[in-house]
Amino acid sequence: MATSHLTPEANGVRYGLFTAGGMILYFLTASLFGLTEHIELSFLNGLILAIGICMAIVHYKHSRHGRMPYLHGFGTGIITAVVASVAFSFFFVLYAGVLNRHIMDGIRAQDLFGFDLSVTIAFLAIILQGAMSGMIISLIAMQYYKSPDHKPLTGLK
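Reading the values: rules and limits
Residues numbered from 1 in each chain as written. Predicted model: local features only at pLDDT ≥ 70, side-chain atom pairs only at ≥ 80, totals over all residues. Heavy atoms only, no water. Helix = DSSP H or I, 4+ residues; strand = E, 2+ residues; numbered from the N terminus. Buried < 20%, exposed > 50% of the residue type's maximum accessible area, 1.4 Å probe, protein only. Contact = heavy atoms within 4.5 Å. Areas by Shrake-Rupley, 256 points an atom, 1.4 Å probe, with all protein chains shown as cover. Patch = residues over 30% accessible without salt bridge, like charges linked within 9 Å, V, L, I, M, F, W, Y side chains within 5 Å. Salt bridge = Lys/Arg side-chain N within 4 Å of Asp/Glu carboxyl O. Axes fitted to C-alpha atoms, helices over the stretch in contact; angles between N-to-C directions. Parallel < 35°, antiparallel > 145°, perpendicular 65-115°, else oblique. Left-handed = near helix turned anticlockwise from the far one by under 90°. Phe/Tyr/Trp six-rings, centres within 6.5 Å; stacked < 30°, edge-to-face > 60°. Nonpolar A, V, L, I, M, F, W, Y, C, P; charged D, E, K, R; others polar.

**Student:** Outline the overall build of the chain, supporting the account with residue identities and numerical values.
**Tutor:** A count of helical and extended segments in the chain gives 5 helices and 0 strands. The secondary structure elements of the chain, listed N-terminal to C-terminal, are α-α-α-α-α. Per-residue burial over the chain gives 37% buried out of 157 residues. A fraction of 80% describes how many contacts in the chain between residues 6 or more apart in sequence connect residues 24 or more apart. Surface exposure of the chain reaches about 9,400 Å², of which carbon and sulfur atoms provide 72%.

**Student:** Hey, could you go over a nonpolar patch on the surface for me, with residue numbers and the actual values?
**Tutor:** Where nonpolar side chains cluster on the molecular surface, the patch consists of L128, M132, M135, I136, L139 and I140 and spans about 570 Å² of accessible area. Within the secondary structure, L128 is located in helix α5 (residues 119-145).

**Student:** So what's going on with the packing of helix α2 (residues 44-63) against helix α3 (residues 70-99)? Which residues, and what values?
**Tutor:** At a minimum axis separation of 9 Å, α2 and α3 run at an interaxial angle of 140 degrees. Accordingly, the angle class assigned to the pair α2 and α3 is oblique. Note that α2 runs across α3; the crossing there is right-handed. From α2, N45, L49, G52, I53, A56, I57 and Y60 reach across to α3, where they touch H72, G73, T76, G77, T80, A81, A84 and F88.

**Student:** Can you tell me about the packing of aromatic side chains, naming the residues and giving the values?
**Tutor:** A full pass over the atoms with the stated rule returns 9 aromatic pairs. Arranged with centres 5.9 Å apart and planes meeting at 85 degrees, the rings of F27 and F91 form a pair that is edge-to-face. Here F27 is found in helix α1 (residues 8-32), whereas its partner F91 is found in helix α3, with 64 residues between them in sequence. Neither F27 nor F91 differs from the other in exposure class; each is buried. With a centroid separation of 5.7 Å and an interplanar angle of 75 degrees, the aromatic rings of F27 and F92 are classed as edge-to-face. In this pair, F27 sits in helix α1 while F92 sits in helix α3, placing the two residues 65 residues apart along the sequence. Classification of F27 by relative accessible area gives buried; the value is 11%. Looking at F92, the relative accessible area reads 6%, which means it is buried.

**Student:** So, the environment of M135: which residues are in play, and what are the values?
**Tutor:** By the element assignment, M135 lies in helix α5. Taking C-alpha positions, M135 is 8.9 Å from G75, a pair spaced 60 residues apart along the chain.

**Student:** Which residues make up the packing of α1 against α2, and what are the values?
**Tutor:** One can describe the packing of α1 onto α2 by two numbers: an axis separation of 9 Å at closest approach and a directional angle of 150 degrees. Relative to α2, α1 is oriented roughly antiparallel. Handedness of the crossing formed by α1 with α2: right-handed. Contact residues: P8, N11, R14, Y15, T19, G22, M23 and Y26 in α1; L44, N45, I48, L49, G52, M55, A56, H59 and Y60 in α2. For the contact of α1 with α2, the residue count by class is 10 nonpolar, 6 polar and 1 charged.

**Student:** Residues and numbers for unusual backbone geometry, please.
**Tutor:** One non-glycine residue with positive phi stands out, namely H65, at about 60 degrees. Along the chain, H65 turns up in the loop between α2 and α3.

Laid out in structure tokens, this is it:
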């Protein structure tokens, strides 16, 4: 049985960019309706990230004819999360730092701890949140999508 030439890295980058597109679309929609001041709604990006990671793992497993090494699937999920987070962060810097500076003013006004939240700190926070969430989501997703030879045998006495 021939395996595909698709690598976890190429698959992760591809689905990371698709996922970033979904996150950007969600952010623009929230901005259109004036919901960007509700920081708690930004956690819906985690749901978009989870969907993107699962789609990337499923696509990689399908391209390998259902036989996927565990670390390849895990790596695909992590790369998807990092690429999506970095791409969305660059979009956020462009949008909040250049095109719509009023977004950062609204976030600063709601800061309970008194820190000055700059666009750079928001950039780094988005990357950190996306990468860490992506690693956890990938671990959980791989428990479901791992190949049958990685699953424990049942019924043995």
